[in-house]
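Understanding the architecture of this molecule
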Amino acid sequence: MACCENLYFVFNCFLTLGGIGYLYKQNLVQTPYGRYVKSLGKQVSVPAKLAWFLQELPSFLVPVLLWYTTDRTTKSRILLLVMFCGHYFQRTFIYALLTRGRPSPLQIVIFAMIFCTINGFFQGYYMVYCAEYDDAWLTDIRLILGGIMFLLGMAINIHSDDILRNLRKPGEINYKIPRGGMFEYVSGANFLGEIIEWFGYALATWSLPALSFAFFTLCSVGPRAYHHHRYYLEKFEDYPKSRKALIPFVF
């Protein structure tokens, strides 16, 4: 399979314009998941563990399959693919297993699966068939700084998820104020970690597809952090007033 520049261009437009559109939609209507699902009614729902496994799996599996079909391997390319797939390995096989979240509407799971399949294909496609990285890239300052950002963001994301998961004991359904880690500074600490992670990956790869995905992530989870922040302020009178929504000390 050869690199198709037209396909590459269309994908970047898809992520960029899709991010803007999703940002606009979330400013009008909250995405119906978790605490924002008022009632599933007659909707078909998917248990949280299965939902997360199914929707995250394509972003791990598709790049791995693309990687398997090529002999264009360098240490730099392998490292960057491992970074991307490593994130989704954690989300698919660890986070999904541990989550105690609520069931998700089937349509949300299907849309997430479609997006992760498309994004997994094009991120892997670009990395395997289009990008040019020789082994000298391993010592490039962009890879080093981006790798540090990626690992820092991933650590914040995983630690914040652990805090949220352990807020409630099995059987409890009431929401509580998250404390510890980056939650001392922002309401959307898990979202902040994911945003840092993908902008770090964009720097490490120095590629437009990764940057477009980082931008889409910002547009996707940024509003969720704001919605969570507003929810906490409305629900808890003792919610820390100094805590921001997404960016410590700023917003």
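A brief report on the enclosed structure follows. Given the structure is predicted, the values throughout are model-derived calculations rather than measurements.

Conventions we followed
- Residues numbered from 1 in each chain as written.
- Predicted model: local features only at pLDDT ≥ 70, side-chain atom pairs only at ≥ 80, totals over all residues.
- Heavy atoms only, no water.
- Disulfide = S-S within 2.5 Å.
- Helix = DSSP H or I, 4+ residues; strand = E, 2+ residues; numbered from the N terminus.
- Buried < 20%, exposed > 50% of the residue type's maximum accessible area, 1.4 Å probe, protein only.
- Expected span 1.5 Å × (residues − 1).
- Contact = heavy atoms within 4.5 Å.
- Axes fitted to C-alpha atoms, helices over the stretch in contact; angles between N-to-C directions.
- Parallel < 35°, antiparallel > 145°, perpendicular 65-115°, else oblique.
- Left-handed = near helix turned anticlockwise from the far one by under 90°.
- Nonpolar A, V, L, I, M, F, W, Y, C, P; charged D, E, K, R; others polar.

A few words on the state of the cysteines. Two cysteines form a disulfide when their sulfur atoms are joined by a covalent bond. Applying the stated criterion to the full structure yields one disulfide. The disulfide that involves C3 links it to C130, with 2.1 Å between the sulfurs. Between C3 and C130, the disulfide has an S-S torsion of 100° and is therefore right-handed. Of this pair, C3 sits in the segment before α1 (5–28) while C130 sits in helix α4 (residues 106–130); the two residues are 127 residues apart in sequence, bridging distant segments of the chain. C130 sits in the buried class, given a relative accessible area of 15%. C85 takes part in no disulfide bond, and the closest cysteine sulfur, belonging to C116, lies 12 Å away. No disulfide involves C219; its sulfur sits 15 Å from that of C13, the nearest cysteine. Under the relative-accessibility criterion, C219 is labelled buried at 4%.

On to unusual backbone geometry, then. Phi at W206 takes a positive value of approximately 50°, unusual for a residue other than glycine. In this fold, W206 is placed in the loop between α6 (189–205) and α7 (208–235). The phi torsion at F249 lies on the positive side, around 70°, for a residue other than glycine. Tracing the backbone shows F249 in the segment after α7. A residue is classified by how much of its surface remains accessible, and F249, at 68% relative accessible area, is exposed.

Moving on to α1. In this model α1 runs 35 Å from its N-terminal to its C-terminal C-alpha over 24 residues, within 8% of the 34 Å that 1.5 Å per residue would give. The secondary structure elements touched by the buried residues of α1 are α4 and α7.

With that out of the way, let us pick up the packing of helix α2 (residues 48–68) against α4. Two elements in contact, α2 and α4, have axes separated by 8 Å at closest approach and are oriented at 20°. In terms of orientation, α2 and α4 fall into the roughly parallel class. Judged by the sense of rotation from one axis to the other, the crossing of α2 with α4 is right-handed. Between α2, through A51, L54, Q55, E56, P58, S59, V62, P63, L66 and W67, and α4, the contact on the second element is made entirely by V109, A112, M113, C116, T117, G120, F121, G124, Y125, V128 and Y129. By residue class, the composition of the contact of α2 with α4 is 15 nonpolar, five polar and one charged.

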